[in-house]
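Overview (structure and organization)
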Amino acid sequence: MNEQYISIRHLSKRFDKDFVLKDVNAALNKGEILGFLGPSGAGKTTTIKILTGQLLPTSGDAQVLGIACDKIDERIYEQIGIVTDVSGVYERMSVYDNLKYFARLLNVPLSEINPLLKRIGLYEHRKKPAGKLSKGQTQRLILARAILHKPKILFLDEPTSGLDPSTALEVHRMLLELKNEGMSIFLTTHNMEEATKLCDHVALLNEGVIVEYGAPEDICLKYNKVKKYKVQLTDGTKHFLKHSPEASEQIALWLREDRVETIHSCEPTLETVFLEVTGRELQ
Ligand SMILES: Nc1ncnc2c1ncn2[C@@H]1O[C@H](COP(=O)(O)OP(=O)(O)O)[C@@H](O)[C@H]1O
Ligand SMILES: [Mg+2]
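Starting afresh in each chain, residues are numbered from 1 along the sequence in its written order. Each chain is given a letter, starting from A, and each ligand a number, starting from 1, according to the order in which they appear as written. Note on the predicted model: pLDDT of at least 70 is required for a residue's local features to be given, and 80 or more for side-chain atom pairs to be given and counted; whole-chain, interface and lining totals, by contrast, use all residues.

**Here we look at the overall build of the chain**
In this text, helices come from DSSP runs of H or I with a minimum length of four residues, and strands from runs of E with a minimum of two, each type numbered from the N-terminal end. Scanning the chain from N- to C-terminus turns up 9 helices and 13 strands. Dimensions of the chain, computed from C-alpha atoms along their principal axes, come out at roughly 70 × 50 × 35 Å. The contact criterion used is a C-beta to C-beta distance within 7 Å, with each C-beta placed from the backbone. Taking the contacts inside the chain whose residues are at least 6 apart along the sequence as the reference set, 68% of them involve residues at least 24 apart.

**Section: the nonpolar core**
Core membership is restricted to buried Ala, Val, Leu, Ile, Met, Phe, Trp, Tyr and Cys residues, and these are joined into a nonpolar core through C-beta atoms within 7 Å. Partly exposed residues are those whose C-beta has more than 12 but fewer than 20 other C-beta atoms within 10 Å; 20 or more makes a residue buried and 12 or fewer makes it exposed, with C-beta atoms placed from the backbone. Within the largest apolar cluster, 59 residues are counted, with the highest numbers of intra-cluster contacts made by Leu34, Leu51, Phe155, Phe186, Leu187 and Ala203. The contacts of Ala203, once residues within four sequence positions are left out, are Ala26, Leu34, Phe36, Leu37, Ile210 and Tyr213.

**Observations regarding the site of ligand 1**
Close to ligand 1 lie Phe15, Val20, Gly38, Ser40, Gly41, Ala42, Gly43, Lys44, Thr45 and Thr46. Of all the elements, helix H1 (residues 44–51) adds the most residues to the shell around ligand 1, at 3 residues. Grouping the amino acids of the shell around ligand 1 by side-chain chemistry returns 3 nonpolar, 6 polar and 1 charged. Think of it this way: take the backbone, place a C-beta atom on it, and check whether that atom is within 6 Å of the molecule or strand, in which case the residue is near it. Amino acids are sorted into nonpolar (Ala, Val, Leu, Ile, Met, Phe, Trp, Tyr, Cys and Pro), charged (Asp, Glu, Lys and Arg) and polar (every other residue, Gly among them).

**Quick word on the sheet that holds strand E11 (residues 228–233)**
The sheet built from 3 strands is open, its strands ordered E12-E11-E13 with antiparallel pairing. What marks the edges here is a single partner per strand, and that holds for strand E12 (238–242) and strand E13 (260–265). Strand-to-strand twist in this sheet, taken as the mean axis angle between neighbours without regard to direction, amounts to 20°. Two strands qualify as a pair provided DSSP detects at least 2 bridges between them. As paired strands, E11 and E12 are joined by 5 bridges and run antiparallel to one another. Bridge assignment links Lys228 to a residue of E12, and that residue is Lys242. All axes are obtained by fitting lines to C-alpha atoms, using only the stretch in contact for helices, and the reported angles, taken between N-to-C directions, cover 0 to 180 degrees.

**Let's talk about the pairing of strand E3 (residues 33–37)**
Counting buried positions over the 5 residues of E3 gives 5, a clear majority of the element. Burial of the side chains of E3 extends over both faces: Ile33, Gly35 and Leu37 are buried on one face and Leu34 and Phe36 on the other. Here 5 bridges tie E3 to strand E8 (residues 184–189), and the two strands are oriented parallel to one another. Bridged to Ile33 within E8 is Ile185. Where E3 lies against strand E9 (residues 201–206), 4 bridges are found, and the strand directions are parallel. Across the sheet, Gly35 pairs through a bridge with Val202, a residue of E9.

**Some points on the domain arrangement of the chain**
The split into domains, and so the bounds of each, comes from an automatic or database assignment of domains. For the chain, the assigned domains are domain 1 (4–221) and domain 2 (225–266). One C-alpha centre belongs to domain 1, the other to domain 2; they are set 43 Å apart.

**As for unusual backbone geometry**
In this model, Leu65 sits at a positive phi of 50°, which is unusual for a non-glycine residue. The topology assignment puts Leu65 in the loop between strand E4 (59–64) and strand E5 (67–68). Phi at Lys150 is positive, roughly 50°, even though this residue is not glycine. Of note, Lys150 is situated in the loop between helix H4 (135–147) and strand E7 (153–157).

**Regarding the environment of Val95**
Take Val95: it is sitting in helix H2 (residues 95–105). Each C-alpha atom of the pair Val95 and Lys132 lies 9.5 Å from the other, and the pair is 37 residues apart in sequence. Apart from the residues lying within four places of it in its own chain, the contact partners of Val95 are Leu122, His125, Arg126, Lys128, Ala130, Leu133 and Leu141.

**Side note on the pairing of strand E6 (residues 80–83)**
Side chains Ile80 and Ile82 project from E6 onto one buried face, and the interleaved Gly81 and Val83 project onto a second face that is buried too. With 4 bridges joining them, E6 and E7 adopt parallel strand pairing. Bridged to Gly81 within E7 is Leu154.

**Comments concerning the packing of H4 against helix H5 (residues 165–180)**
Look at H4 against H5: their axes get within 10 Å of each other, and the N-to-C directions meet at 15°. When the axis of H4 is compared with that of H5, the two are roughly parallel. Crossing geometry of H4 relative to H5 is assigned as right-handed. Residue-level inspection shows Gly136, Gln139, Leu143 and Ile147 of H4 in contact with H5, the latter providing Thr167, Glu170, Val171, Met174 and Leu178. If an angle is under 35 degrees, it is roughly parallel; if it is over 145, roughly antiparallel; if it lies from 65 to 115, roughly perpendicular; otherwise it is oblique. Here a crossing is called left-handed whenever its near helix is offset anticlockwise from the far helix by less than a right angle, and right-handed whenever the offset is clockwise.

Below is the structure:
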């Protein structure tokens, strides 16, 4: 059995009259990346706040590293790291001093700072005031701070939102590296491509409930009701065919005549699945 680092059962959260979370169920297994996906306002940040002891749920149960969410206090910060959109840096302190400050707070030997700075590509900027870093460099510093004490679980709230594509790719690379080293990651995003690439499991959150849950490719295959094929022939023409006896005949004929340049099956993406399940576009 996989060890569960987070389990969420029938979790609900009401603000005033409105239930933001109605009945949320999900789990993060040790060593996995779980993606919590949903449009803006779906309740992703609210869920992270409940799991990190910043908000109490209205009902239901969530456990993080075996601790019930209404019992979580600051002691959990030794075991988890958090990156949110309000995570900042001390702009006037140098890059190095930013990490030194947190190393002291978290009882991390200072000798671990330079290797970490090298790893995230900020070593040559270590003496710069953090306020002078680019957006991508700042995000890497924030991430470095969150992993300085080698937490068991890393919570990331939309870690690439607002980053340019190449910086987002760098963040993805780091997250996969951390996962390979055994870190468990709870990630929220509204970027379905990011989720497909990074996550072992995803939970699609819509109107307070999880409408789909599973491995990205399993979810996509489940919605692959009508199989479609894209065929490019050696004469350069492109053909989209829906699965049918006639289409199979046609493809077989092209193959026999050696006229097929490329052939692909077109599975739905998480994006199209979300549209189909909820009737909503993600923004
Ligand atoms: N402290 C709060 N008080 C009242 N409403 C809140 C509070 N925090 C969040 N909300 C509301 O809950 C909903 C979900 O918010 P949030 O969890 O931030 O969504 P997401 O992170 O998925 O964009 C939004 O409608 C938001 O306005
Ligand atoms: Mg949010």
